Amino acid sequence: MSAVLPFLPQAGAGAGPRRGPARGRCLVLAWLAGDFSAAACAHGGLGEAWSAGGRVRALEEFEAALDGARAALGYNGTEVALLLEHERFLHRVEMGPALAPAAARAHLQGRAGRHAEGAVWSAERMAAVRQDAAYVLHLLPGPFHAELEQILRARGLRLSRVLPLSAALLSALDAGEPGRPALAAAETGGVTTVVVGWPGGHLAFTRSFRAGWEGEAPRVSVEINRSLLYAKQQLGATVDRIRLFGAEPAIAEAAARCGENREIVGAPLSLRPLLEAAAALPVSHPANAVGEHRRRRGLRRRLRLGLAAACWALVAALAAAAASDRAAWRAESAAFQGLRARGDALRAEHARLLLRQRAATADRRFIAQVEAGRLPPVAARFPAYVGGLLPANLRLTELRVEWQEGARRWSFHLAGVIRGDEEGGRAAAAALQDKLEHGPLRARAAEGGAALTAQPGGFAFNLGGTLFEN
Amino acid sequence: MKIKPLLPFLAPAACAAALLGWRWAVFAPEVRAQREARRPLQELERETLRLREAVSEAEAADLGRRAGALAAALPQTPETLAPALGRWSRRFAAERWEGAFTPGAAEPGEGWAPARLQLRPAAGNDRPWPSLLVILDEFSAPEAHMGLTRLAIRADEGGTYSAEASLRLACAVPLREKSAQ
């Protein structure tokens, strides 16, 4: 099924289809229940009409009539508008709740989807009072539409509009007092189409019934009268203008039955005004059964083109990346060739630098070892330092200082003689110990500190300890 | 299934697949293999650059000069201490001290040779203490390249000094051998 989402006008009489002349060149075909007429439209003006001599019912006959029309009219454009009344072009009234446009489209899509063959469709909202919303669905069966398109495509033509007769009739109601509904009816091939609407193209409702205006004039007049009553009932307004296009008996019968206080104009059905009306209706008209289909198809085509362009852009990006990588690889290879060319020199330089590095490392280690192995000059400087601290009454007999490798510290021992009394001796020993402990060598005396032992003429003095630990 | 409507997508997809296939199946393996083959030479270049930057020519020359000078100033081995000790003995004599060295047994491969020193004032040294301090001060000089590990100074009742020292002297050859390891 060809899924078509129709353009839906807003509800109410004030929102109808936009009207205006068709732009550019267009071949307008009217194929109404076996009658086939055509006219070429250029720059808003319709040329002379051409009609097929016989009845045109099947698509093969349509094909032949189309060729005849093109030959007769000399049309070499591409756009085709088709005013169609055909047993396969169905019109169905659908009632439903008032919904938002998107929801209404979905609702109508579901209804159209019930068509067995799958249909290209459009929907016109009808003015309705008692019902929440009423639509007339125009259903063009998918295979029929496909065949039509194929016939036209084979001739380089594009089907831009397929309009029901009601749309053209409605446009014939243009003249008149605004805000007052009017009725138009026409007979094509034994089928009567009735449309009620407002000037400006706003549809109130449309209906069709099988009745010929020659032989069934009373029935036609009854149905027209019923339509008037229905309009009064539904719209609350009296339809006082009636346009009838068909055989005289039915027009006379309708005038007799419905003409009181109404303006009735009757005339034989002429295809030219309908062709003009069809030419004037835009592609976006809600009754156009293929407008939305074409728009959607164009959108799909553009999407496909965009997607294909994106795919090719991706390919181009990949190709550019590949080219870039290859160029980078070539540059890398060229650089490597240069490296390979000076490989021998590089190896020689590496060997030389390696030797230089090893020699420098060995030299550095050697110097560092000599520096590290040379102890600080503690032992050499200690005698001079202690000599400077000795009080006058103390004379050293032994000085010892030693580096203890295991404990990694310096030890010292001093022995001597102190002259004078005990108190003076102790004061001298304590002073020496204090200077050593608080001096730069930060000596720490052994437990007990300086020892004094009496001896003839004074005291023997002993002091030991460690350095740099206080 | 109709192919024609899909052609606008199938064609770029095929091109993309071909490009990716070439990239993954041909180009990338070739690059990997070539890079693997080139790696040794490139690593050699990197290592050369690193070596070039690690030590400059001037720095290496300076280190070599300093190490050479240092090695020349040191006794070569523990077994060849005599010249150095002889120089020290002459220095003691200049300060009017008499010194007797007793070289110790160095451990194999050890770069420092131990020695013991007995010092006593020479006859006529009337300033033993200041001159001893001069000798000790020279021991502590950096160019002496020795470590004084023990020092004992004694003075008897008569004011006569004697000194005993343990020291270790740097030997160039074993130290250089250890440094080169």
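Please read all numbers here as calculations on a predicted model, not as lab measurements.

A. Highlighting the sheet that holds strand β7 (residues 133-141) of chain A. All names here are of chain A. Taken in spatial order, the three strands make up an open sheet running β5-β7-β6, and their pairing is antiparallel. Only two strands of the sheet have a single neighbouring strand rather than two, namely β5 (90-96) and β6 (119-126). For this sheet, the mean angle separating the axes of adjacent strands, direction not counted, is 25°. Of the strand pairs in this sheet, β6 and β7 are connected by eight bridges, and their pairing is antiparallel. Bridge pairing in β7 links Arg125 to Tyr135. Of the strands in this sheet, β5, β6 and β7 are in contact with helix α2 (residues 101-113), which crosses β7 at around 45°. The strands that helix α3 (residues 142-153) touches are β6 and β7; relative to β7, the one it contacts most, it runs at about 55°.

B. Representation of the interface of chain A and chain B. In this assembly, 58 residues from chain A lie in contact with 67 residues from chain B. Of the roughly 5800 Å² buried between chain A and chain B, counting both surfaces, carbon and sulfur atoms make up 62%. Of all residues in chain A, the largest losses of buried area upon contact with chain B belong to Trp329, Arg356 and Phe366 of chain A, amounting jointly to 13% of the total for that side. One can count 11 salt bridges joining chain A with chain B. Here Glu349 of chain A and Arg52 of chain B are joined by a salt bridge, their closest N and O atoms 2.8 Å apart. Summed over the shared surface of chain A and chain B, the number is 20 residue pairs in polar contact (both at pLDDT 80 or more). Listed by contribution, the elements that provide at least two residues to the side of chain A that touches chain B are α8 (291-341), α9 (343-373), α10 (378-389) and β14 (394-404) of chain A. Of all the elements, α9 of chain A adds the most residues to the side of chain A that touches chain B, at 20 residues.

C. Representation of helix α5 (residues 172-180) of chain B. For α5 of chain B, the set of buried residues is Ala172, Pro174, Leu175 and Ser179 of chain B. Next to the buried residues of α5 of chain B lie α9 of chain A together with α2 (57-73), β2 (112-121) and β4 (161-170) of chain B.

D. Fine view of the packing of aromatic side chains. Inspection of every chain in the model, using the stated rule, returns 13 aromatic pairs over all chains. Here the aromatic residues Trp31, Phe36, Trp50, Phe62 and Phe144 of chain A are joined through ring pairs into a cluster of three or more. The ring of Phe366 of chain A carries Arg176 of chain B above its face, with NZ or CZ at 4.9 Å from the centroid.

E. Structural context of the confidence of the model for chain B. Residue and element names in this part refer to chain B. In this model, chain B carries an average pLDDT of 89, and 99% of its residues clear a pLDDT of 70 or more. No element of chain B has a lower mean pLDDT than α5, at 84, and none a higher one than helix α1 (residues 7-54), at 93. Scored as a complex, the prediction yields pTM 0.55 and ipTM 0.80.

F. Representation of helix α4 (residues 128-139) of chain B. Look at α4 of chain B: 17 Å from first C-alpha to last across 12 residues, which is about the 16 Å you get at 1.5 Å a residue. Every buried residue of α4 of chain B is accounted for by Pro128, Ser131, Leu132, Ile135, Leu136 and Phe139 of chain B. Along the long axis of α4 of chain B, the arc covered by the buried residues comes to 145°, so they all point the same way. Taken together, the buried residues of α4 of chain B touch α10 of chain A together with α3 (82-94), β1 (97-103), β2, β3 (146-155) and β4 of chain B.

G. A look at the nonpolar core. Judged by nonpolar contacts, the single largest core of 58 residues is most densely connected at Leu183, Ile224 and Leu244 of chain A. With residues up to four places along the chain from it excluded, the contact list for Leu183 of chain A reads Leu173, Val194, Val195, Val196, Ile224, Ser227, Leu228, Val239, Arg241, Ile242, Arg243 and Leu244 of chain A. Ranked by size, the runner-up nonpolar core spans 52 residues in total, among them Val378, Leu396 and Leu399 of chain A together with Trp88 of chain B.

About the thresholds
Residues numbered from 1 in each chain as written. Chains lettered and ligands numbered in written order. Predicted model: local features only at pLDDT ≥ 70, side-chain atom pairs only at ≥ 80, totals over all residues. Heavy atoms only, no water. Pairing = 2+ DSSP bridges. Helix = DSSP H or I, 4+ residues; strand = E, 2+ residues; numbered from the N terminus. Axes fitted to C-alpha atoms, helices over the stretch in contact; angles between N-to-C directions. Contact = heavy atoms within 4.5 Å. Buried area = accessible area lost by both parts, 1.4 Å probe. Salt bridge = Lys/Arg side-chain N within 4 Å of Asp/Glu carboxyl O. Polar contact = N/O pair within 3.5 Å; in protein donor to acceptor, adjacent residues only side chain to side chain. Buried < 20%, exposed > 50% of the residue type's maximum accessible area, 1.4 Å probe, protein only. Phe/Tyr/Trp six-rings, centres within 6.5 Å; stacked < 30°, edge-to-face > 60°. Lys NZ or Arg CZ within 6 Å of the ring centre and 35° of its normal. pLDDT = per-residue confidence, 0-100. Expected span 1.5 Å × (residues − 1). Arc of directions from axis to C-beta. Core = buried A, V, L, I, M, F, W, Y, C linked by side-chain atoms within 4.5 Å.

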